[in-house]
Amino acid sequence: MVLRTSVTVLGVAQDGGIPHPGCHCETCESQFQNGNRTLPTSICVRHKNEIHIIDVSRDLDTQARRQNFNPREITDIWLTHAHLGHVDGLGLFGREVMALKGVRLHASESMMSLFDETPRWAAMIEQGVFVKHQFESNKKQNLSPNFSFTPISVPHRNEFSDNHAFVVRGHDKSLLHLPDHDDWDKTLKQVGEDNIRDWLTKIDIDIALIDGTFWESNEIARQDNVPHPTITESIARLGERKEDDIDIRFIHLNHTNPALSWDKKDPRLHGWSIANEGDKFSL
Ligand SMILES: [Zn+2]
Ligand SMILES: [Zn+2]
Ligand SMILES: [Zn+2]
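Residues numbered from 1 in each chain as written. Chains lettered and ligands numbered in written order. Predicted model: local features only at pLDDT ≥ 70, side-chain atom pairs only at ≥ 80, totals over all residues.

Observations regarding the overall build of the chain
Test applied: Helix numbers and strand numbers start at the N terminus; a helix is a DSSP run of H or I with at least 4 residues, a strand a run of E with at least 2. Radius of gyration: C-alpha atoms only; globule rule: 2.2 Å multiplied by the number of residues to the exponent 0.38. Whether a residue is buried, exposed or partly exposed is read from the other C-beta atoms within 10 Å of its own C-beta, which are placed from the backbone; 20 or more gives buried, 12 or fewer gives exposed, and intermediate counts give partly exposed. By the criterion used throughout, residues are in contact when their C-beta atoms, derived from the backbone, lie within 7 Å.
Helices and strands together make up the secondary structure of the chain, namely 8 helices and 14 strands. At 18 Å, the chain has a C-alpha radius of gyration in line with the 19 Å of a compact globule built from 283 residues. Dimensions along the principal axes, computed over C-alpha positions, put the chain at roughly 50 × 45 × 40 Å. Classification of the 283 residues of the chain by burial places 42% in the buried group. A separation of at least 24 residues holds for 70% of the contacts in the chain among residues at least 6 apart in sequence.

Thoughts on the nonpolar core
To be explicit about the condition: Linking buried Ala, Val, Leu, Ile, Met, Phe, Trp, Tyr and Cys residues through C-beta atoms within 7 Å yields a set, and such a set is a nonpolar core.
Membership of the largest hydrophobic core comes to 65 residues, with the highest contact counts inside it found for Ile 43, Ile 53, Ile 77, Val 168, Leu 175, Leu 176 and Leu 209. Ignoring sequence-local partners within four residues, the contact set of Val 168 consists of Val 7, Val 45, Phe 149, Ser 174, Leu 175, His 177 and Leu 283.

Looking at the sheet that holds strand E3 (residues 50–54)
For sheets, the rule is that strands pair by backbone hydrogen bonds, running either parallel or antiparallel. Definition in use: Two strands pair under a simple rule: DSSP has to find at least two bridges between them. Note on geometry: axes are lines fitted to C-alpha atoms, helical ones only across the stretch in contact, with angles between N-to-C directions running from 0 to 180 degrees.
Ordered by their spatial adjacency, 7 strands build an open sheet running E6-E5-E4-E3-E2-E1-E14, and the pairing between neighbours is mixed. Unpaired on one side and paired on the other, strand E6 (130–134) and strand E14 (280–282) mark the two borders of the sheet. Each strand axis lies, on average, 20° off the axis of its neighbour in the sheet, ignoring direction. Relative to E14, strand E1 (residues 5–11) runs antiparallel, the two being bridged by 3 bridges. By the bridge assignment, Thr 8 is partnered in E14 with Lys 280.

What about the sheet that holds strand E13 (residues 273–274)?
Taking strand neighbours across the sheet as the criterion, the 7 strands line up as E7-E8-E9-E10-E11-E12-E13 in an open arrangement whose pairing is mixed. Each having just a single partner strand, strand E7 (141–144) and E13 make up the two edges of the open sheet. Bridging between strand E10 (residues 174–178) and strand E11 (residues 207–211) involves 4 bridges; their strand directions are parallel. Across the sheet, the residue bridging to Leu 176 is Ala 208, located in E11.

Points about helix H4 (residues 109–117)
The test is simple: Here, the arc refers to the directions that run from the helix axis to the C-beta atoms.
Residues of H4 that are buried: Met 111, Met 112, Leu 114 and Phe 115. Mapping the buried residues of H4 onto a view down its axis gives an arc of 155°, with all of them on the same face. Opposite the buried face of H4, by more than 90 degrees, sit the exposed residues Asp 116 and Glu 117.

A closer look at the pairing of strand E12 (residues 247–251)
The condition is simple: Whether a crossover is right-handed comes down to one check: with the strands pointing away from the viewer, does the path from the first strand over the helix to the second run clockwise; if it does, it is right-handed.
Note: E11 against E12, 5 bridges, orientation parallel. Paired with Ile 207 across the two strands is Asp 247, which belongs to E12. Taken together, E11, helix H8 (residues 231–238) and E12 constitute a β-α-β crossover, and its handedness is right-handed. The pairing of E12 with E13 spans 2 bridges and is classified as parallel.

What about unusual backbone geometry?
In the segment running from Ile 18 into Pro 19, the intervening peptide bond is cis, with an omega of 0°. By the element assignment, Pro 19 lies in the loop between E1 and helix H1 (26–33). A positive phi angle, near 65°, is found at Asn 138, a position not held by glycine. Of note, Asn 138 is situated in the loop between E6 and E7. For His 252, which is not glycine, the phi dihedral falls at a positive 65°.

Regarding the environment of Met 98
With respect to the helices and strands, Met 98 occurs in the loop between helix H3 (84–87) and strand E5 (103–107). Sequence spacing of Met 98 and Ala 165 is 67 residues, and the spatial spacing of their C-alpha atoms is 28 Å. Met 98 has contacts with Pro 71, Arg 72, Leu 92 and Phe 93, leaving out every residue within four places of it along the chain.

Okay, here's the thing in structure tokens:
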């Protein structure tokens, strides 16, 4: 029997989650009234008895309870970048909460320097909570036969650190995780391709979880300060989804994104979809 690698989506919201702190829009109010919460973007990758998570949210406990695993069993953490919702759960691994030891922390050189410079994180390395495993951009990390992670450097406002997407490869399939980036032209230029399909085909992707922060431009007043390609633009670049096409699902949705409440088959999505918490993929 071939041992499969499985991926579970732990959250689909932008860093702030929904309800978004301080917001009383219709979406935030109705989620609050219904006791519902859309949790920040993160994924869990299981392979044999290893549990890897990409990005760690403060809502890790709720994510783990909803998806039926124990966060104490997490063996590896992979970090995309240092923006709040991607790292604000790291403290949960330390002495004040789970008091774990020896969790492998995979991050870029720039993220590791930030670790050294941030006293509460540096202390967790010193105490042995995390063991540093620095990766190099675009270098495949073979973790076992038929199981690898490849960090891909992708432009995103680097206020604290650089930013990486990850390709997770199992025995049969590959998944791309790209929660944040600034602009398709810059990203495609950096990876040396002209369009999204050519890039995903070149790196042999079957499933792609990509930045769907905003549906359209001018969705929030300060959108110029937080650049992301809109879903409208990504769909315009992709065209209609064909039969046997790559399975592209949007993640990292802001509370203002109207697609949050649409039906899966909404024609405005042109066959592509919005990821749901709990979506599972076998690689
Ligand atoms: Zn983010
Ligand atoms: Zn809101
Ligand atoms: Zn970010």
